[in-house]
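Listed below are the residues making up each chain.
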Amino acid sequence: NLQDFLVEGTEYTPETEKLINKAIKKISEDIEEMKFNTSISTLMTLVNEFYKLKRINNIEFKTFLTLLNPFAPHITEELNKLIGFENDISSYSWPTFDSTKIIDDIIEIPVQINGKLKTTISVPADSDEETIKSIVHNDNTISNTLLDKTIVKEIYVKNKIYNIVIK
């Protein structure tokens, strides 16, 4: 049914570029490691995203068919011909991902107090420690927990976790 949403386009759209690059990386690694079930899950995520957008352009569809081909070769070759692509998918080169396109702009950081998870915060990736500290201390859950407590130590592991030790 994705072919019903097909529009002209020779480049990934901004809405799908990151997701497609992540999918190419994940599926390429999964095939090498023979983790086929997670490859299918990744492809399903792509399909769901295209359904949400209600459009898929030619290059996105071609990439999707190429990624799906090892798992469903007959149907992908048939769809490839129906759409009007000239060559067989087996003659396409495997898509490559752009590592600069798979970096998340916003990341989730867990915040612990005395080793217990209290909340997670969404922050820009690679934020400095002072920015993270400010966001953590302005969070309602954390500020309420810290009321009348003495902070012994604060530990931030960049892009991973923020810990607060209190008495």
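Look a little higher up for the structure.
Just so you know, these numbers come straight off a predicted model, no measurement behind them.

Novice: Would you mind showing me how to read the nonpolar core here?
Specialist: Buried together is how nonpolar side chains tend to be arranged in soluble globular proteins. In terms of nonpolar packing, the biggest core is built from 18 residues, with Leu2, Leu43 and Leu46 touching the most fellow members. Counting residues per element, the ones that place at least two in this core are α1 (14–32), α2 (36–53) and α3 (58–68). With five residues, α3 is the largest single contributor of residues to this core. Setting aside residues no more than four positions away along its own chain, Leu43 makes contact with Ile27, Phe64, Leu67, Leu68 and Phe71. Counting 14 residues, the second-largest nonpolar core is a separate cluster that includes Ile107, Val123, Leu146 and Tyr162.

Novice: What exactly am I supposed to notice about α3 here?
Specialist: Residue pairs three or four apart in sequence face the same way in an α-helix, which turns once every 3.6 residues. Of all the 11 residues making up α3, nine are buried; the element is thus mostly covered by neighbouring parts of the structure. Burial in α3 covers these residues: Asn58, Glu60, Phe61, Thr63, Phe64, Leu65, Thr66, Leu67 and Leu68. Those residues of α3 hidden inside the fold are in contact with β1 (6–7), α1, α2, β2 (56–57) and α4 (73–83). Near the N-terminus of α3, the side chain that reaches the backbone nitrogen of Ile59, with its oxygen 3.2 Å away, is that of Asn57.

Novice: Just to check I follow, could you spell out the sheet that holds strand β4 (residues 116–124) for this structure?
Specialist: Ordered by their spatial adjacency, four strands build an open sheet running β4-β3-β6-β5, and the pairing between neighbours is mixed. The sheet is open, and its two borders are formed by β4 and β5 (151–157), each paired with just one other strand. Here the average twist between neighbouring strands, direction ignored, is 20°. Note that strand β3 (residues 106–113) and strand β6 (residues 161–166) share three bridges and pair parallel. Within β6, the residue paired with Ile113 across the bridge is Ile164.

Novice: Where do I start with the packing of aromatic side chains in this structure?
Specialist: Both the distance between ring centres and the angle between the ring planes are used here to describe each pair of aromatic rings. This structure, assessed with the given rule, holds three aromatic pairs. Look at Phe36 and Phe71: their rings are 6.1 Å apart centre to centre, the planes differ by 65°, and that puts the pair in the edge-to-face class. With Phe36 in helix α2 and Phe71 in the loop between α3 and α4, this residue pair connects regions lying 35 residues apart in the sequence. You can call Phe36 partly exposed: its relative accessible area is 38%. Of the residues examined, Phe71 reaches a relative accessible area of 25% and is grouped as partly exposed. Here Lys62 stacks its cationic end above the ring of Phe85, 5.7 Å away from the centre of that ring. The lysine or arginine in question, Lys62, covers the ring of Tyr92, its NZ or CZ lying 4.6 Å from the ring centre.

Novice: Just checking my understanding: could you explain the environment of Glu11 for this structure?
Specialist: Mapped onto the secondary structure, Glu11 falls in the loop between β1 and α1. Here Glu11 falls in the exposed class, since its relative accessible area comes to 62%. In this structure the C-alpha to C-alpha distance between Glu11 and Glu86, which are 75 residues apart in sequence, comes to 18 Å. Setting aside its immediate chain neighbours within four residues, Glu11 contacts Asn57 and Ile59.

Definitions and cut-offs
Residues numbered from 1 in each chain as written. Predicted model: local features only at pLDDT ≥ 70, side-chain atom pairs only at ≥ 80, totals over all residues. Heavy atoms only, no water. Core = buried A, V, L, I, M, F, W, Y, C linked by side-chain atoms within 4.5 Å. Buried < 20%, exposed > 50% of the residue type's maximum accessible area, 1.4 Å probe, protein only. Helix = DSSP H or I, 4+ residues; strand = E, 2+ residues; numbered from the N terminus. Contact = heavy atoms within 4.5 Å. Polar contact = N/O pair within 3.5 Å; in protein donor to acceptor, adjacent residues only side chain to side chain. Pairing = 2+ DSSP bridges. Axes fitted to C-alpha atoms, helices over the stretch in contact; angles between N-to-C directions. Phe/Tyr/Trp six-rings, centres within 6.5 Å; stacked < 30°, edge-to-face > 60°. Lys NZ or Arg CZ within 6 Å of the ring centre and 35° of its normal.

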